[in-house]
Every structure is written in structure tokens, then in C-alpha cells.
Amino acid sequence: MDRLKEAIIRQGAVQSGNVLQLDAILNHQVDPELIMEMGEEFARRYRESGVTKVVTIESSGIPIGFAAAYKLGVPMVFARRKKTLTTDNDSYCERVPSFTKGIVTDLMISKKLLCPEDRVLIIDDIIANGDAVRGVIRILEQAGCTLVGLGIAVEKAFEKGAPALREAGIRLDSLVRVAAVDGSEVRFTD
């Protein structure tokens, strides 16, 4: 997706340790027009898959997940990372390490929001190691849902997450694939 690549080049930043900072694009500020284009692209790719729900991860996946769900005409559910006073005690919960936070967090989804009849498209902003996505996949397995695929805005192709998921037979579609980050330069594949 050329417009997303241009935004990454123009507004992204490379930090130490191969961390790609996209605060001005996906993680702190969002461009609604770009986000809706991304949602439309994921909807185009998965329209024939019979998606009944889009599931994403709090918080950076929410805008893209919402846009895809809106374009598909289905509900969006997001996995919470922190328990609040209103969190349903009857929730699926998975512990996952966070690549960018450097800590282990919980992912929680209320059992009321998923059912075995659901055909789920997972949407997320960035995939590096894939730990968070694997946590959501385990939740979907517990709920008996069918995973139709993963829609990832930015794939760090030089990390192990996306290739491992593809090798496991999971459909994974990325809008942009980053081949490498060198100094302040971002190189794309495809």
C-alpha cells in the first residue's frame, strides 16, 4: 500500500533495537482517511471469507480494526490489556510478552463476545515476534471460533513472527512489509 509506505518514510522513525516508531501514523495519532483506506483494503481481501467478527488488540489495533469491521459490516472486538472495574470476570485471558513494551501483559476478551459460530479476522498494526497475535489465536481456539486470517498493517519481515505464522498454515496479509531498518532508513520488500 503505497500511501502507507510514504507515511512511514515521511513520519516514521527508527529507534535502537530495530524498533520502528509509528506514533504519528498508527500508535498515537491516526490519519482517519489513511486508516479507512487500510480498512477498505483488508475488507477487499477478506470479503469472501465470511467474516462475522474482527478482533484486534488494545490500543493501536483499534482504529484499523474498526475501519475493517465497518467496511465488512461486522462487529469489532478488542482484546483488553488491563483489567478494569467493568471488565467481565468471565473472560478468556492469555499472558503474552510485548515486543515494544518489554513486559508481559494479559490479553482479555469477554466470553460473551465470542462464540463457536464466529469466523474471525484478526487485525493488528505491527507484527514483529507475533506473540500478541498468537495470544489472540489461543483465545479464539478456547472460544471455538474459526480464524479466517490475519490482517497486519506493517509486517517487520526481518522478525520471526509473520513467517512462523505462515509456516503454521495461517493466512497473513500485510499492507506493508519492512525488509530492514538501517540507521534511520526503512527498506521495504515487494
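Now for a description of the structure that goes with this document. Because the structure is a prediction, the values reported are computed rather than measured. (Residues numbered from 1 in each chain as written. Predicted model: local features only at pLDDT ≥ 70, side-chain atom pairs only at ≥ 80, totals over all residues. Heavy atoms only, no water.)

## Quick look at the sheet that holds strand E7 (residues 119–127)
Then comes step 1: In spatial order, the strands read E4-E3-E7-E8-E9-E10; together these 6 strands make up an open sheet with mixed pairing. Across the chains shown, the open sheet's two edge strands, defined by having one partner strand only, are strand E4 (76–79) and strand E10 (185–188). Between one strand axis and the next, the sheet turns by 30° as a mean value, whatever way the strands run.
Then comes step 2: Sheet topology note: the E7/strand E8 (residues 146–156) ladder contains 8 bridges and is parallel. Bridging from a neighbouring strand, Ile 123 pairs with Gly 151 of E8.
Then comes step 3: Set on the sheet, helix H4 (residues 62–72) makes contact with strand E3 (53–57), E4, E7 and E8; between it and E3 the angle comes to about 175°. (Pairing = 2+ DSSP bridges. Helix = DSSP H or I, 4+ residues; strand = E, 2+ residues; numbered from the N terminus. Axes fitted to C-alpha atoms, helices over the stretch in contact; angles between N-to-C directions. Contact = heavy atoms within 4.5 Å.)

## Some words on helix H1 (residues 2–11)
Then comes step 1: Listed as buried for H1 are Leu 4, Lys 5, Ala 7 and Ile 8. Along the long axis of H1, the arc covered by the buried residues comes to 160°, so they all point the same way. Exposed residues lying more than 90 degrees from the buried face of H1 are Asp 2, Ile 9 and Arg 10.
Then comes step 2: Residues of H1 that are buried make contact with helix H2 (23–27), helix H3 (32–46), E8, strand E9 (172–182) and E10. (Buried < 20%, exposed > 50% of the residue type's maximum accessible area, 1.4 Å probe, protein only. Arc of directions from axis to C-beta.)

## Remarks on the packing of H3 against H4
Then comes step 1: In the contact formed by H3 and H4, the axes pass within 7 Å of each other and the chain directions differ by 50°. In terms of orientation, H3 and H4 fall into the oblique class. Between H3 and H4 lies a crossing whose hand is right-handed. Here Ile 35, Met 36, Met 38, Gly 39, Glu 40, Phe 42, Ala 43 and Tyr 46 of H3 lie close against H4, whose contacting residues are Pro 63, Ile 64, Ala 67, Ala 68, Tyr 70, Lys 71 and Leu 72.
Then comes step 2: In terms of residue class, the contact of H3 with H4 is built from 12 nonpolar, 1 polar and 2 charged. (Parallel < 35°, antiparallel > 145°, perpendicular 65-115°, else oblique. Left-handed = near helix turned anticlockwise from the far one by under 90°. Nonpolar A, V, L, I, M, F, W, Y, C, P; charged D, E, K, R; others polar.)

## Quick notes on the state of the cysteines
Then comes step 1: Scanning the model with the defined rule gives 0 disulfides in all.
Then comes step 2: With no disulfide of its own, Cys 93 lies closest to Cys 145 among cysteine sulfurs, the gap being 16 Å.
Then comes step 3: For Cys 93, a relative accessible area of 37% translates into the label partly exposed.
Then comes step 4: Looking at Cys 145, it has no disulfide partner, and the nearest cysteine sulfur is the one in Cys 115, 6.4 Å off. (Disulfide = S-S within 2.5 Å.)

## So, the side chain of Glu 94
Then comes step 1: Its place among the elements puts Glu 94 in strand E5 (residues 91–97).
Then comes step 2: A distance of 2.7 Å separates polar atoms of two side chains, one belonging to Glu 94 and the other to Arg 138.
Then comes step 3: Other than its neighbours up to four places away in sequence, Glu 94 contacts Thr 105, Asp 106, Leu 107, Gly 135, Arg 138, Ile 139 and Gln 142. (Polar contact = N/O pair within 3.5 Å; in protein donor to acceptor, adjacent residues only side chain to side chain.)

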